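Residues per chain, in single letters:
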Amino acid sequence: MMEMEKIIEKIAQQRSKKGYTFENMAHELDITPAAYRKIETGETKLSVERLMKISEILEEDLSTFLDMNSKNTIHSLSNEGSGNGYVETINNDYKDIIKDIKEAYDKLIRSKDEQISLLKEQLAFLKENK
């Protein structure tokens, strides 16, 4: 089974476990039930943003779906830096997904910072014009 199929299978399992229907998930994702069904059947490519939203809806950590502890994970011991050994975990199958998640996360943080800045400006303006 391919990695994406495993992710989709875990989504379907968690959805069912939580008692959500296709219709519930579609409503939460603001898509049609048919569009959601295509995600779970693999007919539509699952984006990182959509995976993050599904994770949020199902109240599950992304690692639940990504299976970061799978046998495909490579563990390497390194003795660099301060001389202390550390275990670095790299999963080649998920490198791109993790990069996309980080980029989406960084984008959300920038957006939040911009909103805070705008709200501070509005608050200052309102205080000045009392």
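Given the structure is predicted, the values throughout are model-derived calculations rather than measurements.

1. Describing the layout of surface pockets
- The computed volume of the largest pocket comes to approximately 200 Å³.
- Every residue along the wall of the largest pocket is listed here: Glu49, Met52, Lys53, Glu56, Leu62, Ala104, Lys107 and Leu108.
- Among the secondary structure elements, those contributing two or more residues to the lining of the largest pocket are α4 (48–57) and α6 (95–128).
- For the lining of the largest pocket, the leading source of residues is α4, giving four residues.
- Classifying every residue of the lining of the largest pocket by side-chain character gives four nonpolar, no polar and four charged.

2. A word on the confidence of the model for the protein chain
- For the protein chain, the average pLDDT comes to 77, and 75% of its residues sit at 70 or higher.
- The secondary structure element of the protein chain with the lowest average pLDDT is strand β1 (residues 74–78), at 33, and the one with the highest is helix α2 (residues 22–29), at 93.
- Per-residue pLDDT stays below 50 along residues 70–91; that stretch engages in 28 contacts with residues further than four places along the chain or on separate chains.

3. Thoughts on the packing of aromatic side chains
- All chains considered together, the criterion is met by one aromatic pair.
- Residues Phe22 and Tyr36 carry aromatic rings whose centres are separated by 5.7 Å and whose planes lie at 55 degrees to one another, so their mutual orientation is tilted. Of the two residues, Phe22 sits in helix α2 while Tyr36 sits in helix α3 (residues 33–41), which places them 14 residues apart along the sequence.
- Note on Phe22: relative accessible area 16%, which makes it buried.
- Geometry around Phe22 places Arg15 over its ring, the cationic atom sitting 4.6 Å from the centre.

4. Side note on the packing of α2 against α4
- Axis separation between α2 and α4 bottoms out at 10 Å; the angle between their running directions is 115 degrees. Crossing angle aside, the handedness with which α2 passes α4 is right-handed. Where α2 approaches α4, its residues Met25, Glu28 and Leu29 are matched on the opposing element by Arg50, Lys53, Ile54 and Ile57.
- Across the contact of α2 with α4, the residue classes tally to four nonpolar, no polar and three charged.

5. Focus on the packing of helix α1 (residues 3–17) against α3
- Here α1 crosses α3 at 125 degrees, and the two axes come no closer than 8 Å. In terms of orientation, α1 lies oblique with respect to α3. Taken together, the residues of α3 that come into contact with α1 (itself represented by Ile8, Ile11, Ala12 and Arg15) are Tyr36, Ile39 and Glu40.

6. Some words on unusual backbone geometry
- A positive phi angle, close to 60 degrees, is found at Asp30, a residue other than glycine.
- Phi angles above zero are rare outside glycine, and Glu59 is one such case at about 55 degrees.
- Tracing the chain through its elements places Glu59 in the loop between α4 and α5 (62–66).
- Overall, the relative accessible area of 67% leaves Glu59 in the exposed class.

Cut-offs and rules
- Residues numbered from 1 in each chain as written.
- Predicted model: local features only at pLDDT ≥ 70, side-chain atom pairs only at ≥ 80, totals over all residues.
- Heavy atoms only, no water.
- 1 Å grid on protein atoms, 1.4 Å probe; cavity = no way out; pocket = protein on both sides within 12 Å on 5 of 7 lines; lining within 4 Å.
- Points joined across faces, edges and corners; volume = space filled by probe spheres on them.
- Helix = DSSP H or I, 4+ residues; strand = E, 2+ residues; numbered from the N terminus.
- Nonpolar A, V, L, I, M, F, W, Y, C, P; charged D, E, K, R; others polar.
- pLDDT = per-residue confidence, 0-100.
- Contact = heavy atoms within 4.5 Å.
- Phe/Tyr/Trp six-rings, centres within 6.5 Å; stacked < 30°, edge-to-face > 60°.
- Buried < 20%, exposed > 50% of the residue type's maximum accessible area, 1.4 Å probe, protein only.
- Lys NZ or Arg CZ within 6 Å of the ring centre and 35° of its normal.
- Axes fitted to C-alpha atoms, helices over the stretch in contact; angles between N-to-C directions.
- Left-handed = near helix turned anticlockwise from the far one by under 90°.
- Parallel < 35°, antiparallel > 145°, perpendicular 65-115°, else oblique.

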